[in-house]
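In case you want the letters, here they are:
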Amino acid sequence: MARAIYPGSFDPVTYGHLDIIVRSSALVDELIVGVLNNNAKTPLFSVEERVKMLEEATGNISNVKVIPFEGLLIDFAEKMDAGMVVRGLRAITDFENELKMAQTNHKLSPKVETVFLTTSLEHAYLSSTVVKEVACFGGDISQFVPENVERKIQEKMSKKESVHQ
Ligand code: ADP
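Just so we're clear, the structure is a prediction, and the values are computed from it rather than from any experiment.

Q: Please give an account of the packing of aromatic side chains that cites residues and values.
A: Taken as a whole, this structure holds three aromatic pairs when the rule is applied. The interplanar angle of 70° and the centroid separation of 6.1 Å between the aromatic rings of tyrosine 125 and phenylalanine 144 together place this pair among those described as edge-to-face. Taken together, the positions of tyrosine 125 in the loop between strand S5 (113–118) and helix H5 (128–136) and phenylalanine 144 in the loop between H5 and helix H6 (147–164) put the pair 19 residues apart, joining distant regions of the chain. Under the relative-accessibility criterion, phenylalanine 144 is labelled buried at 10%.

Shown next, in the form of structure tokens:
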């Protein structure tokens, strides 16, 4: 059985991520979306919230599972018995970092291959950071994220505002 992991922070999931999820899940028997619980970063959403939003957004794809993880990606891949890691490439700026990560992971675990999908043109500019910035200033994010995510971001932003008042 071909099982792949698509790892990331997904803080929050965008239509760019979903594009990669739809396309890569069509290439394998099972796609595990690995949600990184990284203490070094301060995400807007907790890992539980990010998992829930992803589950809601991918509920219609039967071979996708959403699972949180911490620590090394290759350890998670081995634990899940996945031989493939999927990453999305938006622009040349992603490339250098992704190349380093893929080569490091291959050194650590030669059994795990990293596969890159290039982003669809309409999502090339899209990142979780941009979505959060636009939302923070009250901009319309409906074209960047699914409705469930849009609602969650707005809830978060209004909570932050009430704390600062
Ligand atoms: P990370 O913190 O690991 O970069 P992200 O959630 O930002 O996690 O991204 C996870 C993966 O999704 C990365 O491979 C990233 O390049 C890819 N990705 C993010 N946004 C897009 C997009 N708009 N189109 C295609 N791939 C994307």
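From this point, the narrative continues.
Q: Explain the layout of surface pockets to me, using residue names and the numbers behind them.
A: Volume-wise, the largest pocket comes out at about 1,100 Å³. If you go around the largest pocket, you meet 42 residues; those closest to its centre are Pro7, Gly8, Ser9, Arg87 and Glu98. Breaking the lining of the largest pocket down by element, the ones donating at least two residues are strand S1 (3–8), helix H1 (15–25), strand S4 (84–89), helix H4 (92–108) and H5. By residue number, the principal contributor to the lining of the largest pocket is H4, which donates nine residues.

Q: An account of the site of the ligand is requested, with residue identities and associated values reported.
A: As a matter of local geometry, the ligand sits amid 17 residues, with Tyr6, Ser9, Gly88, His123 and Leu126 nearest to it. At 2.6 Å, a side-chain N or O of tyrosine 6 approaches an oxygen atom of the ligand. The backbone of glycine 88 places a nitrogen or oxygen atom 2.6 Å from an oxygen atom of the ligand. For the ligand, whose free accessible area comes to 550 Å², the fraction covered by protein is 88%. Taking a 2 Å distance to the grid points as the criterion, the majority of the atoms of the ligand fall inside the largest pocket. Sorting the residues of the shell around the ligand by element identifies S1, H1, S4 and H4 as the ones contributing at least two each. Among the residues forming the shell around the ligand, the class breakdown is five nonpolar, seven polar and five charged.

Q: I'd love a proper account of the nonpolar core, names of residues and values included.
A: The biggest cluster of nonpolar side chains holds 32 residues, and the ones touching the most others in it are Ile21, Leu31, Val33, Leu54 and Ile153. Elements represented by at least two residues in this core include exactly S1, H1, strand S2 (30–36), helix H2 (47–58), strand S3 (64–69), H5 and H6. Top element by residues in this core is H2. It accounts for five residues. In contact with leucine 31, not counting residues within four places along its chain, are Ala4, Ile5, Tyr6, Ile21, Ser24, Ser25, Asn63, Val64, Lys65 and Val86. Judged by nonpolar contacts, the second largest core, of ten residues, contains Leu73, Met80, Ala82 and Val112.

The rules behind the values
- Residues numbered from 1 in each chain as written.
- Predicted model: local features only at pLDDT ≥ 70, side-chain atom pairs only at ≥ 80, totals over all residues.
- Heavy atoms only, no water.
- Phe/Tyr/Trp six-rings, centres within 6.5 Å; stacked < 30°, edge-to-face > 60°.
- Helix = DSSP H or I, 4+ residues; strand = E, 2+ residues; numbered from the N terminus.
- Buried < 20%, exposed > 50% of the residue type's maximum accessible area, 1.4 Å probe, protein only.
- 1 Å grid on protein atoms, 1.4 Å probe; cavity = no way out; pocket = protein on both sides within 12 Å on 5 of 7 lines; lining within 4 Å.
- Points joined across faces, edges and corners; volume = space filled by probe spheres on them.
- Near = heavy atom within 4 Å.
- Polar contact = N/O pair within 3.5 Å; in protein donor to acceptor, adjacent residues only side chain to side chain.
- Areas by Shrake-Rupley, 256 points an atom, 1.4 Å probe, with all protein chains shown as cover.
- Sits in = over half its atoms within 2 Å of the grid points.
- Nonpolar A, V, L, I, M, F, W, Y, C, P; charged D, E, K, R; others polar.
- Core = buried A, V, L, I, M, F, W, Y, C linked by side-chain atoms within 4.5 Å.
- Contact = heavy atoms within 4.5 Å.

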